[in-house]
2 protein chains.
Amino acid sequence: MCEANAYIVTDGREELVMESVDVVEPEDDHSRYRLTSIFGDQKIIRGRITLMNLVDHKILFEKNK
Amino acid sequence: MCEANAYIVTDGREELVMESVDVVEPEDDHSRYRLTSIFGDQKIIRGRITLMNLVDHKILFEKNK
C-alpha cells in the first residue's frame, strides 16, 4: 500500500496527525485539507502543504498563520 | 515504490504531466508546484492541487485561472 503519514510542522518539529493517509482534498479555497485514511477515518487540517515526499510516505503541513 | 502520477485536469479531462512523482513542493505562495520524479527530473506546474489519491497513485492539478 502506498499511503503516507501526515505531519504538522511547528518550529521545525513534526507532529504526526494521521497515519495511512490515502486521500488529500483541499477545501475552502485551500485554507484547509480533508485527509482520509485507508481505514476511512477523516480529519481536517487547517493549514497548507509544505512538502510531500511520497517515497518517504510523508506529507508535511504548516498551520495557517 | 510509492510514487504517483501527476495530471492536469481541464474540462474533466486528465492530461498526464509526470509519471513516478516522488516530491511535490509548493513554490511562489502555492501558485505553482515543483514536481521531482524518482528519476530526478523536475517540472513546474502552474496550478493548484485538486485531489491526491495515494493508493491510486494519482495527484490531480487544475491550471491557475
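Scroll up for the structure.
Report follows, based on the coordinates. Quick caveat: nothing in here was measured; it's all calculated off a predicted structure. (Residues numbered from 1 in each chain as written. Chains lettered and ligands numbered in written order. Predicted model: local features only at pLDDT ≥ 70, side-chain atom pairs only at ≥ 80, totals over all residues. Heavy atoms only, no water.)

Structural notes on the interface of chain A and chain B
Many descriptions give the size of an interface as the accessible area lost when the pieces come together.
Move 1: With 24 residues of chain A at the interface, the matching set in chain B holds 24 residues.
Move 2: When chain A packs against chain B, close to 2000 Å² is buried across both sides, 63% of that on carbon and sulfur atoms.
Move 3: When residues of chain A are sorted by the area they lose upon contact with chain B, A:Cys2, A:Met52 and A:Leu54 head the list and together hold 32% of the total.
Move 4: In this structure, the connection of chain A to chain B is made through two salt bridges.
Move 5: Run the count over chain A and chain B and you get 11 residue pairs in polar contact (both at pLDDT 80 or more).
Move 6: Relative to strand S5 (residues 47-53) of chain B, strand S2 (residues 13-27) of chain A runs antiparallel, the two sharing two bridges. Among the inter-strand pairings, A:Val23 is bridged to a residue of S5(B), identified as B:Asn53. (Contact = heavy atoms within 4.5 Å. Buried area = accessible area lost by both parts, 1.4 Å probe. Salt bridge = Lys/Arg side-chain N within 4 Å of Asp/Glu carboxyl O. Polar contact = N/O pair within 3.5 Å; in protein donor to acceptor, adjacent residues only side chain to side chain. Pairing = 2+ DSSP bridges. Helix = DSSP H or I, 4+ residues; strand = E, 2+ residues; numbered from the N terminus.)

Quick word on the relation of the copies chain A and chain B
Move 1: After a rotation of 180° and a shift along the axis of 0.0 Å, chain A superposes on chain B with an RMSD of 0.0 Å. What the rotation and shift describe, once combined, is the action of a two-fold rotation axis. Relative to the rotation axis, the C-alpha of A:Cys2 is the closest in chain A, positioned 2.5 Å from it.
Move 2: Comparing interface residues between copies, 100% of those in chain A also sit at the interface in chain B, which points to an isologous, same-surface contact. (Least-squares fit on C-alpha atoms with pLDDT ≥ 70 in both.)

Section: the pattern of salt bridges
It is possible for side chains of opposite charge to pair when their charged atoms get near one another.
Move 1: Under the criterion given, the structure shown has eight salt bridges over all chains.
Move 2: One salt bridge connects B:Lys58 with B:Glu14, and the closest N-O pair in it is separated by 2.9 Å. Of this pair, B:Lys58 sits in strand S6 (residues 58-63) while B:Glu14 sits in strand S2 (residues 13-27), and the two are 44 residues apart along the sequence.
Move 3: Overall, the relative accessible area of 37% leaves B:Glu14 in the partly exposed class.
Move 4: Among the charged side chains, a salt-bridge network with shared partners connects A:Glu27, A:Arg32 and A:Arg34. (Buried < 20%, exposed > 50% of the residue type's maximum accessible area, 1.4 Å probe, protein only.)

The quantities given are spatial measurements derived from coordinates; they are silent on function.
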